Amino acid sequence: MLNIILFGPPGSGKGTQAAKLVEKYHLLHISTGDLFRYEMGNNTPLGLLAKEYMSKGQLVPDEVTIGMLKNKLEAHPEAQGHIFDGFPRTITQAQALDQLLTEKNQTINALVALDVDDEEIVKRILLRGQTSGRPDDNDESIVKNRINVYNDETKPVFDYYTTSGKAFKVHGIGTVEEIFNRLCESIDSI
Ligand code: ADP
């Protein structure tokens, strides 16, 4: 059982790399951003609630996000491991994830963080916004807010896993294949 957290700022390439990691390691991909967008697309109560936060570049409240993650985990007891993409984004979420996995006799094996500087990220997200159809990718002030939220609330999650020796930083600039190889090197070293 392999449980990996794919970490990094918005627009750092987590979605692209997650798809490749899933194929190589046969893991269930859990992206909380994708799950929220799915709910939004179906206009469910959860989707409508998430939209209020996502459209401003804020985090959806922890209890809502953790509840959704728990449901997703419980819906797939057959999974041979997981890749968590966009979760945990707060220390509270990290603690909840640890507890959920402990209940299943599992643990996080590694957190791999894509390291990309803020300037590059703003450029990439605004470029993605031209085709992604995501309103939160189109507006520079919302993008900057997402980066601030990442720096204030999400970055500490890296340190949380550093203390247990599970956190790896990977240079996030280069070709998709180069970055993928760096991630695999870290994962294969555990
Ligand atoms: P990106 O990594 O490009 O920001 P995501 O799809 O991961 O894109 O997230 C989009 C938005 O969804 C976030 O800005 C936030 O509003 C919401 N979101 C996703 N994951 C979480 C989470 N773990 N906790 C709270 N909010 C989340």
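Described below are features of the structure shown in this document.

About the thresholds
- Residues numbered from 1 in each chain as written.
- Predicted model: local features only at pLDDT ≥ 70, side-chain atom pairs only at ≥ 80, totals over all residues.
- Heavy atoms only, no water.
- Buried < 20%, exposed > 50% of the residue type's maximum accessible area, 1.4 Å probe, protein only.
- Helix = DSSP H or I, 4+ residues; strand = E, 2+ residues; numbered from the N terminus.
- Pairing = 2+ DSSP bridges.
- Near = heavy atom within 4 Å.
- Polar contact = N/O pair within 3.5 Å; in protein donor to acceptor, adjacent residues only side chain to side chain.
- Areas by Shrake-Rupley, 256 points an atom, 1.4 Å probe, with all protein chains shown as cover.
- 1 Å grid on protein atoms, 1.4 Å probe; cavity = no way out; pocket = protein on both sides within 12 Å on 5 of 7 lines; lining within 4 Å.
- Sits in = over half its atoms within 2 Å of the grid points.
- Nonpolar A, V, L, I, M, F, W, Y, C, P; charged D, E, K, R; others polar.
- Phe/Tyr/Trp six-rings, centres within 6.5 Å; stacked < 30°, edge-to-face > 60°.
- Lys NZ or Arg CZ within 6 Å of the ring centre and 35° of its normal.
- Salt bridge = Lys/Arg side-chain N within 4 Å of Asp/Glu carboxyl O.
- Core = buried A, V, L, I, M, F, W, Y, C linked by side-chain atoms within 4.5 Å.
- Contact = heavy atoms within 4.5 Å.

**Side note on the pairing of strand β4 (residues 110–115)**
(1) Moving on: In terms of burial, β4 is a largely internal element, five of the six residues being buried.
(2) Moving on: As defined by bridge partners, strand β1 (residues 2–7) adjoins β4 across four bridges and the pair is classed as parallel. When the sheet's bridge partners are listed, Leu6 is paired in β4 with Val112.
(3) Moving on: Examined bridge by bridge, β4 and strand β5 (residues 167–171) share five bridges and lie parallel to one another.

**Examining the site of the ligand**
(1) Moving on: Looking at the ligand, there are 19 residues lining it, with Thr32, Arg37, Gln58, Gly86 and Arg128 nearest.
(2) Moving on: With respect to the ligand, the side chain of Arg128 contributes an N or O atom lying 2.9 Å from an oxygen atom.
(3) Moving on: Coverage of the ligand by the protein amounts to 96% of the 540 Å² it exposes when considered alone.
(4) Moving on: In this structure, the ligand is accommodated by the largest pocket.
(5) Moving on: For the shell around the ligand, a count of residues per class yields six nonpolar, seven polar and six charged.

**Focus on the packing of aromatic side chains**
(1) Moving on: This model, assessed by the stated rule, comprises three aromatic pairs.
(2) Moving on: With a centroid separation of 6.5 Å and 35° between ring planes, the pair formed by Phe7 and Phe158 is classed as tilted. A residue pair is termed long-range when its members are at least 10 positions apart, and Phe7 in strand β1 and Phe158 in helix α7 (residues 140–162) qualify at 151 residues. Neither Phe7 nor Phe158 differs from the other in exposure class; each is buried.
(3) Moving on: Considering the side-chain rings of Tyr160 and Tyr161, the 5.0 Å spacing of their centres and the 80° angle between planes classify their relative orientation as edge-to-face.
(4) Moving on: Against the face of Phe158 rests Lys169, its NZ or CZ located 5.2 Å from the ring centre.

**As for the pattern of salt bridges**
(1) Moving on: Applying the stated criterion to the full structure yields twelve salt bridges.
(2) Moving on: Measuring nitrogen to oxygen at the nearest pair gives 4.0 Å for the salt bridge that ties Lys24 to Asp188. Taken together, the residues span a long stretch of sequence, with Lys24 in helix α1 (residues 14–25) and Asp188 in helix α8 (residues 176–188) at a distance of 164 residues.
(3) Moving on: One salt bridge connects Lys70 with Glu74, and the closest N-O pair in it is separated by 3.3 Å. Taken as a pair, Lys70 and Glu74 lie in helix α4 (residues 62–74) at a separation of four residues, close to a single helical turn.
(4) Moving on: According to the relative accessible area criterion, Lys70 is partly exposed, its value standing at 33%.
(5) Moving on: Salt bridges here are not isolated pairs; linked through shared partners, they connect Arg128, Arg134, Asp136, Asp137 and Arg146.

**Details of unusual backbone geometry**
Glycine aside, a negative phi is what most residues show, and trans is what most peptide bonds show.
(1) Moving on: The omega torsion of the bond from Phe87 to Pro88 falls at 0°, within 30 degrees of zero and hence cis.
(2) Moving on: Structurally, Pro88 is set in the loop between β3 (81–85) and α5 (91–103).
(3) Moving on: In this model, His26 sits at a positive phi of 55°, which is unusual for a non-glycine residue.
(4) Moving on: Position of His26 among the secondary structure elements: in the loop between α1 and β2 (28–31).
(5) Moving on: Taking the relative accessible area as the measure of exposure, His26 reaches 60% and is therefore exposed.
(6) Moving on: The backbone of Asn43 shows a phi angle near 50°, a positive value even though the residue is not glycine.
(7) Moving on: Looking at the element boundaries, Asn43 is found in the loop between α2 (32–41) and α3 (45–54).

**Description of the nonpolar core**
(1) Moving on: Counting 29 residues, the largest nonpolar core has Ile5, Phe7, Leu69, Phe84, Leu97, Leu111 and Tyr161 as its most contacted members.
(2) Moving on: Secondary-structure elements contributing two or more residues to this core are β1, β2, α2, α3, α4, α5, β4 and α7.
(3) Moving on: Residue contributions to this core peak at five residues, all from α5.
(4) Moving on: In this view, Leu97 contacts Ile5, Leu69, Phe84, Phe87, Pro88, Ile108 and Tyr161; residues no more than four positions away in its chain are not counted.
(5) Moving on: Grouped together as the second largest cluster of nonpolar side chains are 17 residues, Leu2, Leu27, Val170 and Cys184 included.

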